[in-house]
Structure formats: C-alpha cells, structure tokens
Amino acid sequence: MKKYFIKTYGCQMNKNDSERLAGVLDGSGYQPTEEKNQADIILVNTCCVRENAENKALGFVAGLKRQKKKRNNIKIVF
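The structure presented is a predicted model; accordingly, all values stated were derived computationally and were not measured.

Colleague: Explain the overall build of the chain to me, please; I cannot follow it from the model alone.
Modeller: Summing up its helical and strand segments, the chain has 3 helices and 4 strands in all. The secondary structure elements of the chain, listed N-terminal to C-terminal, are β-α-β-β-α-α-β. Its C-alpha radius of gyration of 12 Å places the chain within 12% of the 12 Å reference for a compact globule of 78 residues. Seen through its C-alpha atoms, the chain measures out along the principal axes to roughly 35 × 30 × 15 Å.

Structural data, given as structure tokens:
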C-alpha cells in the first residue's frame, strides 16, 4: 500500500487544510505514516503570509533532497 506523510507549518487553518488533504489521500487508497522515509508522497503545507512558517518549510524541503536522491520515485509536494 502506498503511504503519505504531511508536514504542516503555520496557523490553525493550515492544520485544517492538511486534515482535508489527508482525507483526499485516504480516499485515494493511501495510508498515513509518521515516518517520512516510508512515504511515497510527502506533502508540505505552509502559510505564505507568515514568513517564519515559510522559512521552516523551505528548510524542511531542502532537507528532503537527500531522500529524493535515494528514492527517485518519491513525490514531494510543496
């Protein structure tokens, strides 16, 4: 079964959006995982209004480059 990992930065609205996206992925046959290393899809949800949240998200995505090199088939959505 394919797995997904969602990382959320920002306000309560971002958390709500992530929950809705999780529901879509669940409905599409994906299973959530707490380990990004096990995920087939990594979704990063952030607030573009709050600079701190956006900077944290950009740092997180930059750290995923090594994982993408090891597992070319992984999808990263930002």
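Colleague: How do you make sense of the nonpolar core when you look at a structure like this?
Modeller: One broad trend across soluble globular proteins is that nonpolar side chains are buried collectively. In terms of nonpolar packing, the biggest core is built from 10 residues, these being Phe-5, Tyr-9, Ala-39, Ile-42, Val-44, Ala-53, Ala-57, Phe-60, Leu-64 and Ile-74. Elements with a contribution of two residues or more to this core: β3 (41-45) and α2 (51-63). Tallying contributions element by element places α2 first for this core, with 3 residues. The residues touching Ile-42, leaving out its near neighbours within four places in the chain, are Phe-5, Lys-36, Phe-60, Leu-64, Gln-67, Ile-74, Lys-75, Ile-76 and Val-77.

Colleague: I would appreciate a short explanation of the packing of aromatic side chains in the present structure.
Modeller: The description of an aromatic ring pair uses the distance of the two centres, along with the angle that the planes make with each other. In total, this model carries 2 aromatic pairs according to the counting rule given. On the numbers, 6.4 Å between centres and 25 degrees between planes, the contact of Phe-5 with Phe-60 is stacked. In this pair, Phe-5 is assigned in strand β1 (residues 3-8) and Phe-60 in helix α2, connecting sequence segments 55 residues apart. This pair shows no difference in class: Phe-5 is buried, exactly as Phe-60 is. Site record: aromatic cluster; members linked through ring pairs are Phe-5, Tyr-9 and Phe-60. Directly above the aromatic system of Phe-60 lies the positively charged group of Lys-7, at a separation of 5.8 Å from the ring centroid.

Definitions and limits used
Residues numbered from 1 in each chain as written. Predicted model: local features only at pLDDT ≥ 70, side-chain atom pairs only at ≥ 80, totals over all residues. Heavy atoms only, no water. Helix = DSSP H or I, 4+ residues; strand = E, 2+ residues; numbered from the N terminus. Rg over C-alpha atoms; globule rule 2.2 N^0.38 Å. Core = buried A, V, L, I, M, F, W, Y, C linked by side-chain atoms within 4.5 Å. Buried < 20%, exposed > 50% of the residue type's maximum accessible area, 1.4 Å probe, protein only. Contact = heavy atoms within 4.5 Å. Phe/Tyr/Trp six-rings, centres within 6.5 Å; stacked < 30°, edge-to-face > 60°. Lys NZ or Arg CZ within 6 Å of the ring centre and 35° of its normal.

Structural measurements only, silent on function.
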